[in-house]
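The primary structure of each chain is shown beneath.
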Amino acid sequence: MTIRLPDGGGGLRTYEPRTEPLAVTPGTPFTSRTVFSAAHVVADPYADVSPDSPAAVDWDATLAFRRHLWSHGLGVAEAMDTAQRGMGLDWTGAAELIRRSAAEARAVGGRIACGVGTDQITGGSLDGIRAAYEEQLALVEESGAQAILMASRALAAGARNPDDYLNVYGHLIRQAAEPVILHWLGPMFDPALEGYWGSSDLDAATDTFLEVVAAHPDKVDGVKISLLDAQREIDLRRRLPQGVRCYTGDDFNYPELIAGDEKGFSHALLGIFDPLGPLAAEAVRVLDTGDTDGFRELLDPTVELSRHLFQTPTRFYKTGVVFLAWLAGHQAHFTMVGGLQSARSLPHFARAYELADGLGLFPDPKLAQERMKNLLALYGVTQ
């Protein structure tokens, strides 16, 4: 069986899909690394909504996907960028997602951490920004989940200098009931976050970020770095206080960062582990045995797919993530909240399908092929 795919130059090429998926099995949590997958939400395709309406979520399918991740030993990073936070999912929807996912985590024994931001406001004073953060922090802590303090568009717009960041974050960290994860999301993921930590100079921003951590080492579980710059993450990682984890959010360089070097390693909190979940879990279990080469042999070949999904404009990577979830059978449709399924081109989808199929990511390759053919037919491609 073959399939004709767009070649990116206006023509078609023939591709022969693999017939068997990669053999992986569910397993227990890991021993050498703490690993979270940021998880996408499944839209309700029958809801009569427009792209700027509040998100209509298929809760059953959304929670089923989280159980899939937990079954492989992964933690779930909930209501994050991958869940279209601020790109189709507003705070009301995110709050419901947090409540439901946290309850599901308790029911099945899964690990969960949830995003705390300020997306119920669009701007305002520092007092208002702190209050918005506090509202979300309270909800996450009441749910029983760990808190991830996310970068705030409102703070990026309202902060006058690095001291404003130090004051806002210090206030939140001091009142948090348990150690939090700090999340630095670069502007390639959200252009509104340009100049975060008070400077567009990344060296200066890094100093401010680390000053926040150094002031509260007992209340910061770890930091999540999403700058797509491996050396910067390594340099930052080496400057963290003892006991504070670095969670890589680098979807371009994650194998080498998780594997680490003689001076340390990164844990992981990654959007790419949404489609890679079972394979990533298998790789980390190999790493748990001390087999770094075996870990890299499994995970290195996935980087081409990840770099494809996260190519510029990077913020639209969610479209590829949900597309692959549909092809893999985790949901019955390719519809996204906010209509974001339109954010990537047909050649982009075709290459994502080919790369994911080559890795054996589809539990049912025939189903994935049929669904890809259906999508191609909608675009006028005949087989």
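Residues numbered from 1 in each chain as written. Predicted model: local features only at pLDDT ≥ 70, side-chain atom pairs only at ≥ 80, totals over all residues. Heavy atoms only, no water.

Engineer: Tell me what's going on with the overall build of the protein chain, and back it up with residues and numbers.
Structural biologist: From N to C terminus, the protein chain includes 14 helices and ten strands. On C-alpha atoms alone, the protein chain measures out to a radius of gyration of 20 Å, which is about the 21 Å that the 2.2 N^0.38 rule sets for 383 residues. Along the longest, intermediate and shortest principal axes, the C-alpha atoms of the protein chain span 60 × 50 × 45 Å. When the 383 residues of the protein chain are sorted by exposure, 57% land in the buried category. In the protein chain, the share of contacts with a sequence separation of at least 24, taken over all contacts with a separation of at least 6, comes to 70%. Per element, the accessible surface of the protein chain, about 15,100 Å² overall, is 48% carbon and sulfur. The distance from the centre of the 33 positive side-chain charges to the centre of the 50 negative ones in the protein chain is 1 Å. (Helix = DSSP H or I, 4+ residues; strand = E, 2+ residues; numbered from the N terminus. Rg over C-alpha atoms; globule rule 2.2 N^0.38 Å. Buried < 20%, exposed > 50% of the residue type's maximum accessible area, 1.4 Å probe, protein only. Contact = heavy atoms within 4.5 Å. Areas by Shrake-Rupley, 256 points an atom, 1.4 Å probe, with all protein chains shown as cover. Lys, Arg positive; Asp, Glu negative; His and termini not counted. Charge placed at Lys NZ, Arg CZ, Asp CG, Glu CD.)

Engineer: Give me the pattern of salt bridges: which residues, what numbers.
Structural biologist: A full pass over the atoms with the stated rule returns 19 salt bridges. Of the charged contacts in the structure, one is a salt bridge between Asp207 and Arg239, with a shortest N-O distance of 3.0 Å. Here Asp207 is found in helix α6 (residues 202-215), whereas its partner Arg239 is found in the loop between α7 (230-237) and β9 (245-248), with 32 residues between them in sequence. For Asp207, a relative accessible area of 41% translates into the label partly exposed. Connected through salt bridges with shared partners, the residues Arg13, Glu304, Arg351 and Glu354 form a single ionic network. (Salt bridge = Lys/Arg side-chain N within 4 Å of Asp/Glu carboxyl O.)

Engineer: I'd love a proper account of the nonpolar core, names of residues and values included.
Structural biologist: In terms of nonpolar packing, the biggest core is built from 119 residues, with Tyr169, Leu182, Tyr196, Phe273, Phe323, Tyr353 and Met372 touching the most fellow members. Setting aside residues up to four positions removed in sequence, Tyr196 forms contacts with Tyr133, Met150, Ala151, Ser152, Leu155, Ala156, Tyr165, Tyr169, Trp184 and Ala205. In this structure, Ala38, Ala113, Met150 and Leu269 belong to the second largest nonpolar core, which totals ten residues. (Core = buried A, V, L, I, M, F, W, Y, C linked by side-chain atoms within 4.5 Å.)

Engineer: Now, about empty space enclosed by the protein: what can you tell me, with residues and values included?
Structural biologist: Applying the stated criterion across every chain yields a total of one cavity of 30 Å³ or more. Roughly 90 Å³ of volume is contained in the largest cavity. Around the largest cavity, the lining is made up of 15 residues, and of these Asp81, Thr82, Lys224, Gly271 and Tyr317 lie nearest the centre. Of all the secondary structure elements, the ones that give two or more residues to the lining of the largest cavity are β7 (180-185) and β8 (220-226). A class-by-class count of the residues in the lining of the largest cavity yields seven nonpolar, five polar and three charged. (1 Å grid on protein atoms, 1.4 Å probe; cavity = no way out; pocket = protein on both sides within 12 Å on 5 of 7 lines; lining within 4 Å. Points joined across faces, edges and corners; volume = space filled by probe spheres on them. Nonpolar A, V, L, I, M, F, W, Y, C, P; charged D, E, K, R; others polar.)

Engineer: Can you lay out the layout of surface pockets for me, pointing to particular residues and giving the numbers?
Structural biologist: Considered as a void within the structure, the largest pocket measures approximately 380 Å³ in volume. Taken together, 24 residues make up the lining of the largest pocket; nearest its centre are Arg85, Gly86, Asp119, Arg153 and Asp190. Elements represented by at least two residues in the lining of the largest pocket include exactly α4 (153-158) and β7. Residues of the lining of the largest pocket, tallied by class, amount to nine nonpolar, nine polar and six charged. Considered as a void within the structure, the second largest pocket measures approximately 260 Å³ in volume. Where the lining of the second largest pocket is concerned, the elements lending two or more residues are α1 (59-71), α9 (273-288) and α12 (317-327). The biggest single contributor to the lining of the second largest pocket is α9, with four residues. When the residues that make up the lining of the second largest pocket are grouped by side-chain class, the tally is 14 nonpolar, three polar and one charged.

Engineer: I'd like to hear about the environment of Leu139, residue by residue, with values.
Structural biologist: Considering the arrangement of structural elements, one finds Leu139 in helix α3 (residues 126-143). Of the residues examined, Leu139 reaches a relative accessible area of 12% and is grouped as buried.

Engineer: Let's hear about the side chain of Asp190: which residues, and what values?
Structural biologist: By the secondary structure assignment, Asp190 is in the loop between β7 and α6. Engagement of the side chain of Asp190 in a polar contact is seen with the side chain of Arg153, the distance being 2.7 Å. When near neighbours in sequence (up to four residues on either side) are disregarded, Asp190 contacts Arg153 and Leu185. (Polar contact = N/O pair within 3.5 Å; in protein donor to acceptor, adjacent residues only side chain to side chain.)

Engineer: Run through the pairing of strand β2 (residues 12-15), naming residues and quoting values.
Structural biologist: Across four bridges, the pairing between strand β1 (residues 3-6) and β2 is antiparallel. Following the sheet pairing, Arg4 is matched in β2 by Thr14. The turn joining β1 and β2, which pair antiparallel and follow one another in sequence, is formed by five residues; a positive phi near 85° is taken by Gly8. (Pairing = 2+ DSSP bridges.)

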